[in-house]
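What the coordinates show
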Amino acid sequence: MEIISSAYRGILWVSAAFFALMICGCFIRTIIGPRFTDRIVSINVVCTKAVILIAVLSYLLEEKSLIDVAIVYAMINFLTMIVLYKCYPLFRREAHEEDEHEYD
């Protein structure tokens, strides 16, 4: 039974490292993303993966309080995305107005 438990923990450590690499990849997409929507989606993916990473680390480190941190972080991420999606038309309108002024 000890062998299964250690293998399970090893798999979780590998998955935590994999999620950390995926977060770095999404940060690159955030920087490169040509459109505002690409950046919003990639930041949302980064935050979601961070919540998963915190949950996995909570189990591995046996810190139950980290689950609370993950839940609060997920709620903040959700509210932030709602605000950004509501503000998106304002950003588009300002960009469109700037484009019109360039051609005057």
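Predicted, not measured: the structure shown is a model, and the values here were computed from it.

Conventions and cut-offs
Residues numbered from 1 in each chain as written. Predicted model: local features only at pLDDT ≥ 70, side-chain atom pairs only at ≥ 80, totals over all residues. Heavy atoms only, no water. Helix = DSSP H or I, 4+ residues; strand = E, 2+ residues; numbered from the N terminus. Contact = heavy atoms within 4.5 Å. Areas by Shrake-Rupley, 256 points an atom, 1.4 Å probe, with all protein chains shown as cover. Axes fitted to C-alpha atoms, helices over the stretch in contact; angles between N-to-C directions. Parallel < 35°, antiparallel > 145°, perpendicular 65-115°, else oblique. Left-handed = near helix turned anticlockwise from the far one by under 90°. Nonpolar A, V, L, I, M, F, W, Y, C, P; charged D, E, K, R; others polar. Expected span 1.5 Å × (residues − 1). Buried < 20%, exposed > 50% of the residue type's maximum accessible area, 1.4 Å probe, protein only. Core = buried A, V, L, I, M, F, W, Y, C linked by side-chain atoms within 4.5 Å. Polar contact = N/O pair within 3.5 Å; in protein donor to acceptor, adjacent residues only side chain to side chain. Phe/Tyr/Trp six-rings, centres within 6.5 Å; stacked < 30°, edge-to-face > 60°.

1. So, the overall build of the protein
- Scanning the protein for helices and strands turns up three helices and zero strands.
- Listed N to C, the secondary structure of the protein is α-α-α in terms of helices and strands.
- For the protein, restricting intrachain contacts to residue pairs at least 6 apart in sequence, the fraction spanning at least 24 positions comes to 58%.
- When the accessible surface of the protein is split by element, carbon and sulfur atoms take 71% of a total near 7,800 Å².

2. Description of the packing of helix α1 (residues 2–32) against helix α2 (residues 36–61)
- Contact geometry for α1 and α2: axes closest at 9 Å, N-to-C directions at 160 degrees. Compared by their axis directions, α1 and α2 come out roughly antiparallel. Crossing geometry of α1 relative to α2 is assigned as left-handed.
- Here the contact of α1 with α2 is built from residues that sort into 22 nonpolar, three polar and five charged.

3. Description of α1
- Helix length check: α1, at 31 residues, gives a terminal C-alpha distance of 45 Å against a target of 45 Å (1.5 Å per residue), a fit within 8%.
- Residues of α1 that are buried: Leu 12, Ala 16, Phe 19, Ile 23, Cys 26 and Thr 30.
- The inward-facing, buried residues of α1 abut α2.

4. Observations regarding the nonpolar core
- In this structure, Leu 12, Ala 16, Phe 19, Ile 23, Cys 26, Val 46, Ala 50, Leu 53, Val 56 and Leu 60 together form the largest nonpolar core, which totals ten residues.
- Elements represented by at least two residues in this core include exactly α1 and α2.
- Apart from residues lying up to four places away in sequence, Leu 53 is in contact with Ala 16, Phe 19 and Ile 23.

5. What to know about the side chain of Ser 58
- Inspection of the secondary structure puts Ser 58 in helix α2.
- Taking relative accessible area as the criterion, Ser 58 reaches 2% and is therefore assigned buried.
- A distance of 2.6 Å separates the side chain of Ser 58 from the backbone oxygen of Glu 63, its partner in a polar contact.
- When near neighbours in sequence (up to four residues on either side) are disregarded, Ser 58 contacts Glu 63, Lys 64, Leu 66 and Ile 67.

6. With respect to the packing of aromatic side chains
- Under the criterion given, the structure shown has one aromatic pair.
- Taken together, a centroid distance of 6.0 Å and an interplanar angle of 80 degrees make the contact between Tyr 8 and Tyr 59 edge-to-face. Note that Tyr 8 is positioned in helix α1 and Tyr 59 in helix α2, a separation of 51 residues in sequence.

7. Let's talk about unusual backbone geometry
- Here Glu 62, not a glycine, exhibits a phi torsion of approximately 55 degrees, which is positive.
- As for its position among the elements, Glu 62 is in the loop between α2 and α3 (65–102).
- Among the residues examined, Glu 62 registers a relative accessible area of 59% and is labelled exposed.

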